[in-house]
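Report on the structure
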Amino acid sequence: RKEVEQDPGPFNVPEGATVAFNCTYSNSASQSFFWYRQDCRKEPKLLMSVYSSGNEDGRFTAQLNRASQYISLLIRDSKLSDSATYLCVVANYGGSQGNLIFGKGTKLSVKP
Amino acid sequence: ETGVTQTPRHLVMGMTNKKSLKCEQHLGHNAMYWYKQSAKKPLELMFVYNFKEQTENNSVPSRFSPECPNSSHLFLHLHTLQPEDSALYLCASSHTGVGTNYGYTFGSGTRLTVV
């Protein structure tokens, strides 16, 4: 089983749509969770951290279910500029300093 | 500009060449990382440096040799690479702190092509 699994997509949605991405992780001891965004041929950029109680940042809502080892990202009122690949990221802090494990990413394309 | 600067942005090298990738961070972070991103694969962690000490080598072939002279600079020395080593090489930095919720800041990457 892969450490972090995501639906690769692509998700093709119209502007204004609501879209949800899901992610599962295999290590129950994982301690921190993030969503990163990566534009084509660019570096990944931190979109938001994911907290156990769920958190919201404008149009973006992240949820974490530790029991099911499941993370989600909801984007409301999609904009053209939201088109990118969204990476689910899990941090395992062990003997070495924080090791981020990346999913392959889910590609989102928002159309006019 | 993210605060993490990588050079060069693009590199084409032959299999017998020796080259180095450079990364510099201006964020006051004390951990630095090299990641490899190949097409259709997730980012793969290569090396971790914490307070300029290497704390992780993720089974990377010896043709990749990292160097971290201080907490702000990180190099990846390349020699006798193979065509399958062609990828985007990303440097990242972060604060340290077990259990903290810090993400990483990435540089723009070096797109490497081995011919």
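Everything below is about the structure printed above this text.
Computed from a predicted structure; not experimentally measured. (Residues numbered from 1 in each chain as written. Chains lettered and ligands numbered in written order. Predicted model: local features only at pLDDT ≥ 70, side-chain atom pairs only at ≥ 80, totals over all residues. Heavy atoms only, no water.)

**Details of the pattern of salt bridges**
Test applied: Salt bridge, as used here, is a side-chain nitrogen of Lys or Arg placed within 4 Å of a carboxyl oxygen of Asp or Glu. Each residue is placed in one exposure class: buried if its accessible area under a 1.4 Å probe, protein chains only, is under 20% of its type's maximum, exposed if it is over 50%, and partly exposed if it falls in between. Starting at the N terminus, helices and strands are each numbered in turn, a helix being any DSSP run of H or I of at least four residues and a strand any DSSP run of E of at least two.
Going through the model one piece at a time under the given rule, you end up with five salt bridges over all chains. Here Asp39 of chain A makes a salt bridge to Arg37 of chain A, at a shortest N to O gap of 2.8 Å. Asp39 of chain A sits in the partly exposed class, given a relative accessible area of 29%. Since its relative accessible area comes to 19%, Arg37 of chain A is described here as buried. Its salt-bridge partner being Asp85 of chain B, residue Arg63 of chain B comes within 2.7 Å of it at the nearest N-O pair. Remark: Asp85 of chain B occurs in the loop between strand S8 (73-79) and strand S9 (87-94) and Arg63 of chain B occurs in the loop between strand S6 (53-57) and strand S7 (64-70); sequence separation between them is 22 residues. Residue Arg63 of chain B shares its accessibility class with Asp85 of chain B, and that shared class is buried.

**Observations concerning the sheet that holds strand S1 (residues 4-6) of chain A**
Residue and element names in this part refer to chain A. Note the cut-off: When DSSP locates at least two bridges between a pair of strands, those strands are taken to pair. An axis is simply a line fitted to the C-alpha atoms; with a helix, the fit covers only the stretch in contact. Between two such axes, the angle follows the N-to-C directions and lies from 0 to 180 degrees.
Within the open sheet, the five strands sit side by side as S1-S3-S8-S7-S6. Their pairing is antiparallel. If you trace the sheet from one side to the other, it starts and ends with S1 and strand S6 (55-57), each paired once. Sheet twist, expressed as the mean angle between neighbouring strand axes with direction ignored, is 20°. Pairing analysis gives three bridges linking S6 to strand S7 (residues 60-65), with the strands arranged antiparallel. Its bridge partner lying in S7, Asp57 is registered against Phe60.

**Concerning the interface of chain B and chain A**
Rules: Any two residues whose heavy atoms approach within 4.5 Å at even a single point are treated as in contact. Two parts placed together each lose some accessible area; with a 1.4 Å probe, that loss summed over both constitutes the buried area. We define a polar contact as two N or O atoms separated by no more than 3.5 Å, with the added condition that, inside protein, one atom must be a possible hydrogen donor and the other a possible acceptor, whereas residues neighbouring each other in sequence contribute only through side-chain atom pairs.
If you look at the interface, chain B gives 31 residues, while chain A gives 25 residues. Interface area, chain B with chain A, both sides summed: about 2000 Å², of which 50% is carbon and sulfur. Where chain B touches chain A, the interface holds zero salt bridges. Connecting chain B to chain A are three residue pairs in polar contact (both at pLDDT 80 or more).

**Considering the nonpolar core**
Generally speaking, a soluble globular protein has its nonpolar side chains buried in company with each other. Residues and elements named next belong to chain A. Note the threshold: What is meant by a nonpolar core is a set of buried Ala, Val, Leu, Ile, Met, Phe, Trp, Tyr and Cys residues, joined one to another through side-chain atoms within 4.5 Å.
Within the largest apolar cluster, 24 residues are counted, with the highest numbers of intra-cluster contacts made by Phe21, Trp35, Ile71, Leu73, Ile75, Tyr86 and Leu108. Elements that contribute at least two residues to this core include exactly strand S3 (19-25), strand S4 (32-38), strand S5 (44-50), S7, strand S8 (70-75), strand S9 (84-92) and strand S11 (106-111). When sequence neighbours within four positions are dropped, the list of residues in contact with Ile75 reads Ala17, Thr18, Val19, Phe21, Arg59, Phe60, Asp82, Tyr86 and Leu108.

**Here's the deal with the sheet that holds strand S1 (residues 4-7) of chain B**
Residue and element names in this part refer to chain B. Read from one edge of the open sheet, four strands run S1-S3-S8-S7, paired in antiparallel fashion. For this open sheet the edge positions go to S1 and S7, each flanked by a neighbour on one side alone. Strand-to-strand twist in this sheet, taken as the mean axis angle between neighbours without regard to direction, amounts to 15°. Taken together, the seven bridges between strand S3 (residues 18-25) and S8 define a ladder with antiparallel strand orientation. In the sheet register, Cys23 faces S8, and the bridge partner there is Leu74.

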